[in-house]
Amino acid sequence: MPDPNTNTTGWGLIAGNGRFPFLVLEGARSQGIDMAVIAIREEASPDLGKIASRLHWVSLGELSRTLELLHEEGVNRAVMAGQVKHNKIFSAIRADWKLAKLLFSLPRKNTDALIGAIARVLEDEGIRLVDSTMFLKPLVAEPGVLTRRAPDERESEDMAYGLGVARQIASMDIGQTVVIADRACVAVEAMEGTDETIARAARITGGKLLVVVKVSKPGQDMRFDVPVVGLPTIEQMRGAGATALALDAGRTLLFDRAKLIELADAAGIAIQAFPPLAAPEPSDASKGISKE
């Protein structure tokens with residue numbers, strides 16, 4: 001049912017790749033909201049045209065055109081949803097004059113700095129960027145064990161170690177995922193993304209059992225770059241010999257959640273979500289606590 005406190009007009013979606021934009025559109029529609037969509041040509045799926053009644057395509061770097069289209073559509077609140085691959089932002093981008101000026105003004109050229117600056121430009125134009133999960137609350141991981149099987153003692157120890165490492169790199173805006181084996185950090189995510197980081201860890205270890213840890217950034221801005229786990233990540237873990245996944249509760253989206261948990265259970269993968277500053281206690285895991 002539509003939320004009576006939600007104004008159903010003036011909404012826009014800036015769409016990158018993956019399922020995220022589709023889920024936001026579906027969630028918004030369930031509340032009676034018809035969003036205007038600005039889709040990034042190099043990233044977004046052509047299938048958006050099948051469900052979006054108002055769809056415009058822009059190239060990566062066309063900030064001025066994006067603002068023009070948002071104003072033409074009467075947008076005053078917008079959601080950013082869908083990944084724009086970090087390496088594309090800094091290698092393949094052809095910036096228009098407005099974005100080029102913005103890039104030149106940034107003291108740091110990391111993703112947070114760039115997207116944060118774009119958010120401020122939107123605000124200056126009278127367009128408020130809102131929490132990208134606001135239409136997807138059922139998909140946000142809650143604290144606790146999410147699978148039938150809880151992490152065992154080995155996995156819990158690797159999670160505890162990995163959470164400390166991952167939060168350090170996340171605080172520096174390097175990446176949000178690490179892969180651990182026997183309390184040693186095997187792979188650290190940079191711009192390649194979670195799934196490629198897991199694949200690299202498997203190549204390095206050559207068959208060791210792995211634990212994947214994915215966290216949010218300190219003071220995570222829920223308007224953009226929110227951690228996401230989907231079916232491809234679980235498939236990648238299964239192929240890589242990764243037996244457990246640690247997440248930040250309240251700040252991580254689980255796409256296709258029911259199927260994701262089912263796939264993890266079938267593969268014997270344990271998934272546990274922790275409050276952003278918490279870590280597992282190995283003694284708890286060894287008691288065999290699980291979610292049935």
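These numbers come from a predicted model, not from an experiment. (Residues numbered from 1 in each chain as written. Predicted model: local features only at pLDDT ≥ 70, side-chain atom pairs only at ≥ 80, totals over all residues. Heavy atoms only, no water.)

1. Notes on the overall build of the protein chain
Okay, step 1: Helix and strand counts for the protein chain stand at 10 helices and 13 strands.
Okay, step 2: Counting all 292 residues of the protein chain, 52% fall into the buried class.
Okay, step 3: Taking all contacts inside the protein chain whose residues are at least 6 apart in sequence as the whole, residues at least 24 apart take part in 73%.
Okay, step 4: Total accessible area on the protein chain is roughly 13200 Å²; 54% of this is exposed by carbon and sulfur atoms. (Helix = DSSP H or I, 4+ residues; strand = E, 2+ residues; numbered from the N terminus. Buried < 20%, exposed > 50% of the residue type's maximum accessible area, 1.4 Å probe, protein only. Contact = heavy atoms within 4.5 Å. Areas by Shrake-Rupley, 256 points an atom, 1.4 Å probe, with all protein chains shown as cover.)

2. Here we look at the confidence of the model for the protein chain
A low pLDDT means the predicted coordinates there should not be read in detail.
Okay, step 1: Scored by pLDDT, the protein chain has a mean of 88; 89% of the residues are at 70 or more.
Okay, step 2: Here residues 282-292 scores under 50 on pLDDT; set against residues more than four positions off or in separate chains, the count is 19 contacts. (pLDDT = per-residue confidence, 0-100.)

3. Section: the sheet that holds strand E9 (residues 210-214)
Okay, step 1: Spatial strand order, E6-E13-E11-E9-E7-E8: 6 strands in an open sheet with mixed pairing. A strand with exactly one partner marks an edge of an open sheet, and here the two such strands are strand E6 (144-145) and strand E8 (184-188).
Okay, step 2: Across 5 bridges, E9 lies against strand E11 (residues 242-248) in parallel orientation. Its bridge partner lying in E11, Val212 is registered against Leu245.
Okay, step 3: Across the sheet, helix H6 (residues 153-171) touches strand E7 (177-181), E8, E9, E11 and strand E13 (270-274), and the angle it forms with E7 is around 145°.
Okay, step 4: Most of the contacts of helix H8 (residues 231-240) go to E11, to which it runs at about 145°, and overall it touches E9, E11 and E13. (Pairing = 2+ DSSP bridges. Axes fitted to C-alpha atoms, helices over the stretch in contact; angles between N-to-C directions.)

4. Some details on the pairing of E13
Okay, step 1: For E13, the tally of buried residues reaches 5 of 5 residues, placing the bulk of the element in the interior.
Okay, step 2: Direction of pairing for E11 relative to E13: parallel, over a ladder of 5 bridges. In the strand pairing of E13, Ala246 is matched with Gln272.

5. Thoughts on the environment of Arg200
Okay, step 1: Position of Arg200 relative to the elements: it lies in helix H7 (residues 194-205).
Okay, step 2: Arg200 gets classed as partly exposed once you look at its relative accessible area, which sits at 26%.
Okay, step 3: With 21 residues separating them in the primary sequence, Arg200 and Val179 have C-alpha atoms 9.4 Å apart.
Okay, step 4: Setting aside its immediate chain neighbours within four residues, Arg200 contacts Ala187, Val188 and Glu192.

6. As for H7
Okay, step 1: Taking 1.5 Å as the rise per residue, H7 with 12 residues should run 16 Å; its terminal C-alpha atoms sit 17 Å apart, in good agreement.
Okay, step 2: Here H7 has its buried residues at Thr194, Thr197, Ile198, Ala199, Ala201 and Thr205.
Okay, step 3: Those residues of H7 hidden inside the fold are in contact with E7, E8, E9 and H8.
Okay, step 4: Gly206 sits one or two residues past H7 and shows a positive phi near 60°. (Expected span 1.5 Å × (residues − 1).)

7. Details of the nonpolar core
Okay, step 1: Ranked by internal contacts, the top residues of the largest apolar core, which has 27 residues, are Leu13, Val24, Met35 and Val79.
Okay, step 2: At the level of elements, strand E1 (11-15), helix H1 (20-30), strand E2 (36-40) and strand E4 (77-81) are the ones that each hand at least two residues to this core.
Okay, step 3: Filtering out sequence-adjacent residues up to four positions away, Val79 remains in contact with Trp11, Gly12, Leu13, Ile14, Val24, Met35, Leu129, Val130, Ser132 and Phe135.
Okay, step 4: Core analysis: the second largest hydrophobic core is formed by 26 residues, Val186, Ala201, Ala249 and Leu263 among them. (Core = buried A, V, L, I, M, F, W, Y, C linked by side-chain atoms within 4.5 Å.)

8. Comments concerning H6
Okay, step 1: Between the first and last C-alpha of H6 there are 27 Å, a value that for 19 residues agrees with the 27 Å anticipated at 1.5 Å per step.
Okay, step 2: Those residues of H6 not exposed but buried are Glu155, Ser156, Asp158, Met159, Gly162, Leu163, Val165, Ala166, Arg167, Ile169 and Ala170.
Okay, step 3: Of the residues one or two after H6, Asp173 is the one with positive phi, at around 55°.

9. Focus on the pattern of salt bridges
Okay, step 1: Throughout the structure, instances matching the rule amount to 21 salt bridges.
Okay, step 2: One salt bridge connects Lys217 with Asp225, and the closest N-O pair in it is separated by 2.7 Å.
Okay, step 3: With relative accessibility at 22%, the residue Asp225 sits in the partly exposed group.
Okay, step 4: Arg238 is the salt-bridge partner of Glu235, the closest N and O atoms lying 2.6 Å from each other. Placement of both Glu235 and Arg238 in helix H8 is noted, with a separation of 3 residues, approximately one turn of the helix.
Okay, step 5: Within this structure, Arg149, Arg154, Glu155 and Asp158 form a network of salt bridges that share partners. (Salt bridge = Lys/Arg side-chain N within 4 Å of Asp/Glu carboxyl O.)

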